Amino acid sequence: MRRSQFLLATGAALGCLPRMARAGACSEDSGASIRVLLGRGMANRMDDCSFSFGTRTYRGTFASTADGEIVNTIPLEEYLYGVVPMEVPHSWPQATLQSQAILSRTFALARTNPARYYDVVASQGDQAYGGLDAEHPETSAAVSATGGQVLTFDGDQATVAYMSCCGGHTESAAEAWIGGSSAPYLRGVVCAYCADAPDFQWQRDIPLGSARNAFSDLWSIANEDLRSVQIMSADPSGRARTIRFSSSAGGFEVSGREFRRRLGAVAVRSLLIHSIQVDAAAASLTIEGSGRGHGVGLCQWGARALGAAGHRVPDILNFYFPGTALRNG
Ligand SMILES: [Zn+2]
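Residues numbered from 1 in each chain as written. Predicted model: local features only at pLDDT ≥ 70, side-chain atom pairs only at ≥ 80, totals over all residues.

A. The arrangement of the overall build of the protein in detail. Helices and strands together make up the secondary structure of the protein, namely 9 helices and 18 strands. Taken over 329 residues, the protein has a buried fraction of 44%. (Helix = DSSP H or I, 4+ residues; strand = E, 2+ residues; numbered from the N terminus. Buried ≥ 20, exposed ≤ 12 C-beta atoms within 10 Å, placed from the backbone.)

See the structure below:
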């Protein structure tokens, strides 16, 4: 969609001018701005520098598309005030919050795209963003303390990712995603620091009927005839590459990625799966695994432990992205 398709621009191009700066949502930030797709709904201007959308308030200005989508234009640093507290608890160590701020900034800059009518979406699809209501002094201090800093490799801005808990080994980007980067700093590391995470070890029961529906185009096995679901191969981090459903008459095989995509990220917290048990009597599958999320990049719970142990921001980032450096904006 071209920008000309905006119907109700409400000062989106104006930003918040320095002479209008005052306490609250206004700022004198004249740095890079970012456009955040908030979703469909009604937005109402509150003053020159803030507006409401749904039950939340946001800094910056907004515009509506012809389809009724609201796009928030906001200085990048102010956007980060509303991102970092949504991605990690504000009570975590300041070094962890600052590491997250640098990654969120680096990620957002990589997503800017003048050819599109927005740069990022305000959800886990890109980064969670809660606007003014989500802000907290601790996370805002982390954003300010790292103002403009981004992660680099060989002088170029690095490709970054992060997740809640790696389960003991982060994943290589090339294994996690089709076309994922094979950069040396994205190949996965052993992480001994996230054992406190709620999803470090998990178990989920999935009704066989649900699994059957998820694989209906492949599943010709009667429920009562399913013998086993086995991990046939795993990648170097231990994550499942191929999984086989077997019956006395045959079976079928799917990739680990497809297994998680079809059963959902809530049921299959990660692909670091230890076992899949078929319980014929209960008509269910019991899956046990470690970690939560795709596993690529910084492990947030691991970074929490490293921060609590007194490690500095460059050390935390270098642990999860070996060979990278920080650059001031
Ligand atoms: Zn970890």
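After that view of the structure, there is still more to cover.
B. The arrangement of the sheet that holds strand β1 (residues 33-40) in detail. Taking strand neighbours across the sheet as the criterion, the 4 strands line up as β5-β6-β1-β7 in an open arrangement whose pairing is mixed. Taken across any chain shown, the strands that pair with only one partner, and hence form the sheet edges, are β5 (61-64) and β7 (120-121). Bridge count between β5 and strand β6 (residues 69-75): 4 bridges; the pairing is antiparallel. Bridge assignment links T61 to a residue of β6, and that residue is T73. (Pairing = 2+ DSSP bridges.)

C. Fine view of the packing of helix α2 (residues 94-111) against helix α8 (residues 300-308). Contact pair α2 / α8: the axes reach a minimum separation of 7 Å and the direction vectors enclose 135°. Here α8 runs oblique to α2, going by the angle between their axes. Contacts from A95, T96 and S99 of α2 reach α8 at A303, R304 and G307. Taken together, the residues of the contact of α2 with α8 sort by class into 2 nonpolar, 3 polar and 1 charged. (Axes fitted to C-alpha atoms, helices over the stretch in contact; angles between N-to-C directions. Parallel < 35°, antiparallel > 145°, perpendicular 65-115°, else oblique. Contact = placed C-beta atoms within 7 Å. Nonpolar A, V, L, I, M, F, W, Y, C, P; charged D, E, K, R; others polar.)

D. Structural context of the pairing of strand β3 (residues 50-53). Direction of pairing for strand β2 (residues 43-47) relative to β3: antiparallel, over a ladder of 4 bridges. Among the inter-strand pairings, D47 is bridged to a residue of β3, identified as S50. In this antiparallel pair of consecutive strands, β2 and β3, the connection spans 2 residues. Pairing analysis gives 4 bridges linking β3 to strand β4 (residues 56-59), with the strands arranged antiparallel. Across the sheet, S52 pairs through a bridge with T57, a residue of β4.

E. Geometry of the pairing of strand β12 (residues 226-234). Here 7 bridges tie β12 to strand β13 (residues 240-247), and the two strands are oriented antiparallel to one another. Bridging across to β13, S233 finds its partner in T242.

F. The environment of Y320, seen in detail. On the secondary structure map, Y320 appears in helix α9 (residues 313-320). The class of Y320 is buried, set by 28 C-beta atoms lying within 10 Å. As for Y320 and C299, which are separated by 21 residues in sequence, their C-alpha atoms are 7.6 Å apart. With sequence-adjacent residues up to four places away left out, Y320 is seen in contact with T170, V189, G297, L298 and C299.

G. The arrangement of the environment of V313 in detail. Within the fold, V313 resides in helix α9. Residue V313 is classed as buried on the basis of its C-beta count, with 24 C-beta atoms lying within 10 Å. A sequence separation of 216 residues divides V313 from L97, and the C-alpha atoms of the two residues are 9.0 Å apart. Leave out the neighbours within four places in its chain, and V313 touches A95, Q98 and S99.

H. Region of interest: the nonpolar core. Counting residues in each nonpolar core, the largest one holds 63 residues, and the members touching the most others are V36, Y79, C194 and C299. Two domains each provide a minimum of three residues to this core, namely domain 1 (3-145) and domain 2 (150-197 + 294-327). Those residues in contact with Y79, other than ones at most four positions away along the chain, are I34, V36, I74, A108 and Y129. The next biggest cluster of nonpolar side chains, apart from the first, holds 15 residues, and it includes A211, I243, I273 and I276. (Core = buried A, V, L, I, M, F, W, Y, C linked by C-beta atoms within 7 Å. Domains from an automatic or database assignment.)

I. Layout of the packing of α2 against helix α4 (residues 137-145). Two elements in contact, α2 and α4, have axes separated by 8 Å at closest approach and are oriented at 60°. Considered as vectors, α2 and α4 are oriented oblique to each other. Both α2 and α4 take part in a crossing whose hand is right-handed. Facing α2, whose interface residues are Q94, L97, Q98 and A101, α4 presents E138, T139, A142, V143 and A145. Within the contact of α2 with α4, the residues separate by chemical class into 5 nonpolar, 3 polar and 1 charged. (Left-handed = near helix turned anticlockwise from the far one by under 90°.)

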